[in-house]
Amino acid sequence: MQITVDNLDRLDFEKGGGLLPAVVQDATSGAVLMVGWMNPDALRETLYRAYVTRASELGANAALDNGPIISETLSMRAEEATLLGYPSFADVSLVPKMAESPARVIEFLRDLAARAKPSAQRDMAELNAFASDKLGIKTLMSWDLAYVSERLKEARYAFSDNEVKQYFQLPRVLEGLFGLIQRLFDVQIQAEQAQVWHPDVRFYRIERAGELIGQFYLDMYARPSKRPGAWMDDARGRKRLETGLQTPVAYLTCNVQAPIGDKPALLSHDDVITLFHEFGHGLHHMLTRIDELGVSGISGVEWDAVELPSQFMENFCWEWDIVESMTAHVDTQAPLPRALFDKMLAAKNFQSGLQTLRQIEFSLFDMLVHSEHDPAQDFMPLLQRVRDEVAVMRPPAFNRMAHTFSHIFAGGYAAGYYSYKWAEVLSADAYAAFEETAAADGTPSVETGRLYRQAILEAGGSRPALESFKAFRGREPSIDALLRHQGMV
Ligand SMILES: [Zn+2]
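Conventions used here
- Residues numbered from 1 in each chain as written.
- Predicted model: local features only at pLDDT ≥ 70, side-chain atom pairs only at ≥ 80, totals over all residues.
- Helix = DSSP H or I, 4+ residues; strand = E, 2+ residues; numbered from the N terminus.
- Rg over C-alpha atoms; globule rule 2.2 N^0.38 Å.
- Buried ≥ 20, exposed ≤ 12 C-beta atoms within 10 Å, placed from the backbone.
- Contact = placed C-beta atoms within 7 Å.
- Axes fitted to C-alpha atoms, helices over the stretch in contact; angles between N-to-C directions.
- Parallel < 35°, antiparallel > 145°, perpendicular 65-115°, else oblique.
- Nonpolar A, V, L, I, M, F, W, Y, C, P; charged D, E, K, R; others polar.
- Pairing = 2+ DSSP bridges.
- Left-handed = near helix turned anticlockwise from the far one by under 90°.
- Core = buried A, V, L, I, M, F, W, Y, C linked by C-beta atoms within 7 Å.
- Domains from an automatic or database assignment.
- Expected span 1.5 Å × (residues − 1).
- pLDDT = per-residue confidence, 0-100.

(A) The arrangement of the overall build of the chain in detail. Summing up its helical and strand segments, the chain has 18 helices and 10 strands in all. Over its C-alpha trace the chain gives a radius of gyration of 25 Å, about what one expects of a compact globule, namely 23 Å for 489 residues. With respect to the principal axes defined by its C-alpha atoms, the chain has extents near 75 × 65 × 45 Å. Burial status across the chain gives 36% buried among its 489 residues. Partitioning the contacts of the chain with sequence separation of at least 6, the portion at a separation of at least 24 is 66%.

Printed below as a string of structure tokens:
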């Protein structure tokens, strides 16, 4: 189904009063299903219904129903597990992962759901009040959620990304990032000459007390023909050779806007977070002390623990002292104003309770459908049970989220969707060690940096990630830090 809406700006959308001229079309056949004026509330419902029923038996084109394909996929996965001698496909999926068993993942998700629920209920109450007071929507329906959330976010935490961007000059951000890494992990980073594939690419070496530890290429700017996104990749890993030691080399790639005129490149706060994230992967790869190629650096690290060092680094982008020292307005050289930073922080945690529950609903369904579910049975009742258990606002029965859940049915995340939250818990808890030991002025502890480096970064894939984590924290991971960082306590 396709809906065309014209002349949005001429209409009084804000008060929910005006009507919208709309044409509703079947996207496959092009047939016009409806032409007329629609109430915005009705339009939201129409759009929502079209969106959440696509690729299902309730969608506009029943021939595109994914239901039978999903059932077949689940049957074949169950068969694969039986052939391999495992109780369920979830058990097969967890073999190369850090989580010990489906039961442990399910317990983790239920625990997190219970802890996030009060916060999600507060988020919901806030949405209801705003919808009723400011938008004239008395009963909030599923199709109103995205709209009302967006309006509430605008009303409370609006700030301009472009304004923020004026404060993050790339050279200064790199100076801040390198300074942090040098202090915490007892290394020196220096620019070095090397052959590169584009004049914008830089090359650096990392040393400790004169000893070469690793090197990296840094390719920061977007340009035509370059793949979009950001990533870290290994050029080579650390390895003991007969002739000596092969030190690791990494590629660190981002896609920020190149400098314009004589001004330095400016980064959005999201760009800065991405840069720190990729450096987390890079440090995991380059600071390793393991000499076996198969388990040095990022090699051989369990699938659901790989994002620990990267998400860990993101936390520093939310520390006022670090952000303040990294920022200087491109015209005035003034640091980022504290009030603006506080708004950014509030926007980051906006409705984190509801968002967490949504992720848990997906994760729990994924884990249960691959472990406890009988693939000969319809999977929709299971999805409904998960929603009954987790959701604060139950989606309507016609919602066919599972039919477009491509992460688990067409991607590599089958019985693995939980890993997003899992890695967040690990990285938040690891970061909490730095919060607990920081100096009064917020300076991170060098001693904690050394412990983290030795337990997590240097060990690479040479031992189970849980062992590395326990070597650092002295205990199992706890979800408290994540709840606190996302404002849910
Ligand atoms: Zn990553």
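From this point, the narrative continues.
(B) Broad picture of the packing of helix α4 (residues 102–134) against helix α5 (residues 145–157). In contact at an axis separation of 10 Å, α4 and α5 are set at 85° when each is read in the N-to-C sense. In terms of orientation, α4 lies roughly perpendicular with respect to α5. Contacts between α4 and α5 involve L127, F130 and A131 from the former and V148, S149 and L152 from the latter. Grouping the amino acids of the contact of α4 with α5 by side-chain chemistry returns 5 nonpolar, 1 polar and no charged.

(C) Representation of the sheet that holds strand β6 (residues 211–221) within the structure. One open sheet holds the 5 strands; their spatial order is β4-β5-β6-β10-β7, and the pairing between them is mixed. Strands at the two margins of the open sheet, each flanked by one partner only, are β4 (188–191) and β7 (231–236). Looking at each pair of strands side by side, their axes are set apart by 25° on average, direction ignored. Judged from the 5 bridges that link them, β7 and strand β10 (residues 249–256) form a sheet pairing that is antiparallel. Looking at β10, one finds that D234 is bridged to A250. Helix-sheet contacts for helix α8 (residues 269–286) involve β5 (202–208), β6, β7 and β10, and the interaxial angle to β10 is about 170°.

(D) Molecular detail of the packing of helix α7 (residues 170–185) against α8. Contact pair α7 / α8: the axes reach a minimum separation of 11 Å and the direction vectors enclose 35°. At the point where α7 passes α8, the crossing takes the right-handed sense. Where α7 abuts α8, its residues V173, L177, I181 and F185 lie against V272, L275, F276, F279 and L283. Taken together, the residues that form the contact of α7 with α8 break down as 9 nonpolar, no polar and no charged.

(E) Fine view of the nonpolar core. Counting 102 residues, the largest nonpolar core has L109, F276 and A430 as its most contacted members. The element best represented in this core is helix α12 (residues 352–369), accounting for 9 residues. Shared between two domains, this core takes at least three residues from each, and those domains are domain 2 (67–158 + 349–489) and domain 3 (165–334). In this structure, F276 is in contact with L177, M313, E314, F316 and C317, ignoring residues within four places of it in sequence. One finds L127, A131, I137 and V148 within the second-largest nonpolar core, a separate group that totals 5 residues.

(F) Focus on unusual backbone geometry. A positive phi angle, near 65°, is found at Q333, a position not held by glycine. When you line up the elements, Q333 lands in the loop between α10 (320–326) and α11 (338–348). Judged by local crowding, Q333 falls into the exposed class, with 11 C-beta atoms found within 10 Å.

(G) Molecular detail of α8. The end-to-end C-alpha distance of α8 is 25 Å, a good match for the 26 Å that 18 residues give at a rise of 1.5 Å each. Judged by how many residues are buried, α8 sits mostly within the fold: 17 of 18 residues are covered.

(H) Up close: the confidence of the model for the chain. A residue-level look at the chain finds 92% of positions with pLDDT of 70 or above and a mean pLDDT of 92. Note that pLDDT drops below 50 for residues 5–17; the model gives that stretch 18 contacts with residues more than four away or on any other chain.

(I) Region of the structure containing the domain arrangement of the chain. The domain architecture assigned to the chain consists of domain 1 (2–52), domain 2 (67–158 + 349–489) and domain 3 (165–334). Residues belonging to the side of domain 1 that touches domain 2 are distributed by class as follows: 2 nonpolar, 1 polar and 4 charged.

(J) The arrangement of the environment of F316 in detail. Relative to the helices and strands, F316 resides in the loop between α9 (308–314) and α10. Assessed through the 24 C-beta atoms surrounding it within 10 Å, F316 is described here as buried. Once the C-alpha coordinates of F316 and F279 are considered, the two residues, 37 residues apart in sequence, prove to be 12 Å apart.

(K) Representation of the environment of G136 within the structure. Secondary-structure assignment places G136 in the loop between α4 and α5. Since 12 C-beta atoms lie within 10 Å of it, G136 is described here as exposed. Along the chain, G136 and V489 lie 353 residues apart, while their C-alpha atoms are 31 Å from each other.

(L) View of the environment of Y420. Summarising the element assignment, Y420 is placed in helix α15 (residues 419–437). Distance in space between the C-alpha atoms of Y420 and I360 is 9.9 Å, their sequence separation being 60 residues.

(M) The arrangement of the pairing of β10 in detail. Residue alternation in β10 divides its side chains into a buried set, A250, L252, C254 and V256, and an unburied set, V249, Y251, T253 and N255. As defined by bridge partners, β6 adjoins β10 across 6 bridges and the pair is classed as parallel. Its bridge partner being in β10, Y217 is matched across the sheet by Y251.

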